[in-house]
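Close look at the chain arrangement
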Amino acid sequence: MYCAYKNESIQYEEIMVLNIYRKLFLVIFGSFLSQIVQVGVFPLFLSQKLDGLDVPLSLIGWFVGIQWLAVLLLAPLAPRLVLKLGLERLVLLSCILTALGLSLAMLDNLAFLAFASILLGAGLITRWVACDALVVHMAEPASIGRTIGVHEAMMGFGIAAGPLFFIWLPLDEIIYAMFGLAVLSGISFMMAGRKLSSSESGSGAALDRSDFLIIKIALLLAFVGGLIETASVAFLPFYFKADGFSLMHSAWFVSGFGLGGTLLQLPLGYIADVLGHGRTQVLSCVIALFAFAGLYITPQDFWIIYCNLFILGGAVGAFNTLAVIQAGCETDADKTASVMTCIAMAYTFGGIIGPVITANILDLFPADAILVVYSVIIFTLTLLISGSSRKSTSFE
């Protein structure tokens, strides 16, 4: 009798675990589809559409930048929306905002296209905060690093998959493909069901000063990650042009950087589970410093540079992953959405500043100066992480 009851209990626990993994898969898959649309395809689609309307290049930059400006300005509203709607309804709202924006993007009116960019930015930040919070809530404590690593890796795949649509489809059909992916994303979120996290109703609680002191390193990591990632993608071709490489070679280098940022998130997440996020943060900084040094001192060989950039992309890409892991581990569950909003804002702010800093450095100094500047930034970050870890009662 006891054995039968015990077996039934074990079977019930196994079913519950499988159900959690099923819901987690659907949330990550829905987030992946949204990432393809909001970050992987839409900015490039918008720039190509505006170019077809004979809009000046400088103005196209502003139209594309509106999306990220909307992310930065609307981010403070996300925790309030979590309190009112809950995390599950918020991801569905993201899909609705995205679909509305894509509807406007079908038109050739510049005002409507600008508003479409704003709506895509609103959809991006609501999905970003809600999905990060859901993944943190649903992950097992012992595997939170790997779970977040998988989610962040899928976000990288979403960005990498975006340009493929421009190979497969003509421009006027891409908008329908994006619309279809947005709908599939909403279906995936709805299939995940309700009550995905036990603390969803309060996960948008406000942060106080002590919370910011706890996550200050996570915010710095996200800021530096956003700064270097966006600047690298935008300006690597200019850097390698000074070394005599063609645009085609530079495109391969950028893809190597992005591929490293995608494929290395899961192993680094696993290392964070084993060693703790503090040690893994230091490890990622050290790896990034060695990669920068490799770019500076190694011969100008294609594959050596490609491998260096692959490693650099993984290390720098891990900054945001490790920021999310630290924020999820060290703050109360009822504040998860608010913390993820701060991480998203820090990353976005770095992404806005990074290209500006890089462009000015490349304009005023030799190309190698950018390696020195970013190495100094990461070295300083390493010292801050080490100092903060020594002050903690335990180093994970």
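These notes cover the structure that comes with them. (Residues numbered from 1 in each chain as written. Predicted model: local features only at pLDDT ≥ 70, side-chain atom pairs only at ≥ 80, totals over all residues. Heavy atoms only, no water.)

As for the overall build of the protein
Let me state the cut-off plainly: Only DSSP runs of H or I reaching four residues or more are called helices, and only runs of E reaching two or more are called strands; each is numbered from the N terminus. Note on exposure labels: buried denotes an accessible area under 20% of the residue type's maximum, exposed denotes more than 50%, and partly exposed covers the range between, all computed with a 1.4 Å probe on protein chains only. In what follows, a contact means two residues having at least one pair of non-hydrogen atoms within 4.5 Å. The Shrake-Rupley method, run with a 1.4 Å probe, gives the accessible areas here. Residue values count only the displayed protein chains as cover.
If you tally the helices and strands in the protein, you get 16 helices and zero strands. Expressed as a percentage of its 396 residues, the buried residues of the protein come to 52%. Counting contacts in the protein only where the partners sit at least 6 residues apart, residues at least 24 apart contribute 84% of the total. Put simply, the protein shows about 18,300 Å² of open surface, and 71% of that area lies on carbon and sulfur atoms.

Describing unusual backbone geometry
Excluding glycine, most residues fall at negative phi; most peptide bonds, likewise, are trans. Even without a glycine there, the phi angle at D54 is positive, about 60°. By the secondary structure assignment, D54 is in the loop between α1 (2-52) and α2 (57-74). The class for D54 is exposed, based on a relative accessible area of 70%.

A closer look at the packing of aromatic side chains
Put simply, the rule reads: Two rings from Phe, Tyr or Trp (for Trp, the six-membered ring) form a pair when their centres are within 6.5 Å of each other. A pair whose planes differ by under 30 degrees is stacked, one over 60 is edge-to-face, and the rest are tilted.
Under the definition given, this model contains nine aromatic pairs. Aromatic pair F223 and F349: ring centres 6.0 Å apart, planes at 35°, arrangement tilted. With F223 in helix α10 (residues 216-241) and F349 in helix α15 (residues 336-364), the pair connects residues that are 126 residues apart, well separated along the chain. Judged by relative accessible area, which is 23%, F223 ranks as partly exposed. For the pair F302 and Y306, a centre-to-centre distance of 6.2 Å together with 25° between the ring planes defines the contact as stacked.

What about the pattern of salt bridges?
Which entries qualify depends on this criterion: Here, a salt bridge means any Lys or Arg side-chain nitrogen found within 4 Å of an Asp or Glu carboxyl oxygen.
One pass over the full model with this rule turns up two salt bridges. The closest approach of N and O atoms between K49 and D108, which form a salt bridge, is 2.9 Å. Residue K49 is found in helix α1, and its partner D108 is found in the loop between α4 (87-105) and α5 (110-138); the two are separated by 59 residues along the sequence. For D108, a relative accessible area of 52% translates into the label exposed. For D273, the salt bridge identified is with R146, shortest N-O distance 2.8 Å. With D273 in helix α12 (residues 265-275) and R146 in helix α6 (residues 144-161), this residue pair connects regions lying 127 residues apart in the sequence.

With respect to a nonpolar patch on the surface
Note the cut-off: Each patch is assembled from residues with relative accessible area greater than 30% and no salt bridge, linking like charges that lie within 9 Å and nonpolar side chains (Val, Leu, Ile, Met, Phe, Trp, Tyr) that lie within 5 Å.
On the surface, a nonpolar cluster with roughly 470 Å² of combined accessible area is contributed by V183, L184, I187, M190 and M191. By the secondary structure assignment, M191 is in helix α8 (residues 171-192).

Notes on the packing of α6 against α12
Formally: Axis geometry follows a simple rule: fit a line to the C-alpha atoms, using only the stretch in contact for helices, then measure angles between N-to-C directions, giving values from 0 to 180 degrees. Put simply, angles under 35 degrees are roughly parallel, angles over 145 are roughly antiparallel, angles from 65 to 115 are roughly perpendicular, and the rest are oblique. Should the near helix be turned counterclockwise from the far one by less than a right angle, the crossing is left-handed, whereas a clockwise turn marks it as right-handed.
Across the interface, α6 lies against α12 with an axial gap of 7 Å and an inter-helix angle of 165°. Between α6 and α12, the angle falls in the class roughly antiparallel. Considering the relative orientation of α6 and α12, their crossing is right-handed. Facing I144, G145, R146, G149, V150, E152 and A153 of α6, the residues of α12 in contact are Q265, L266, G269, Y270 and D273.

What to know about α12
What counts, and what does not: Note that the arc is computed from the directions linking the helix axis to the C-beta atoms.
Among all positions in α12, only Q265, L268, G269 and A272 are buried. One side of α12 carries all its buried residues, which in axial view fall inside an arc of 105°. Two residues or fewer after α12 comes G276, characterised by a positive phi angle close to 100°.

Some details on the environment of L124
Within the secondary structure, L124 sits in helix α5. With residues up to four places along the chain from it excluded, the contact list for L124 reads Q35, Q38, V39, Q67, W68 and V71.

Remarks on the packing of α12 against helix α13 (residues 277-297)
The line we're drawing: Under this grouping Gly is polar, as are all residues other than the nonpolar Ala, Val, Leu, Ile, Met, Phe, Trp, Tyr, Cys and Pro and the charged Asp, Glu, Lys and Arg.
Following both chains from N to C, one finds α12 and α13 inclined at 135°, their axes separated by 7 Å at the closest point. Here α12 is positioned oblique relative to α13, judged by the angle of their axes. Along the contact surface, α12 presents L268, I271, A272 and L275, while α13 presents H277, R279, T280, L283 and S284. Its residues assigned to classes, the contact of α12 with α13 shows five nonpolar, three polar and one charged.

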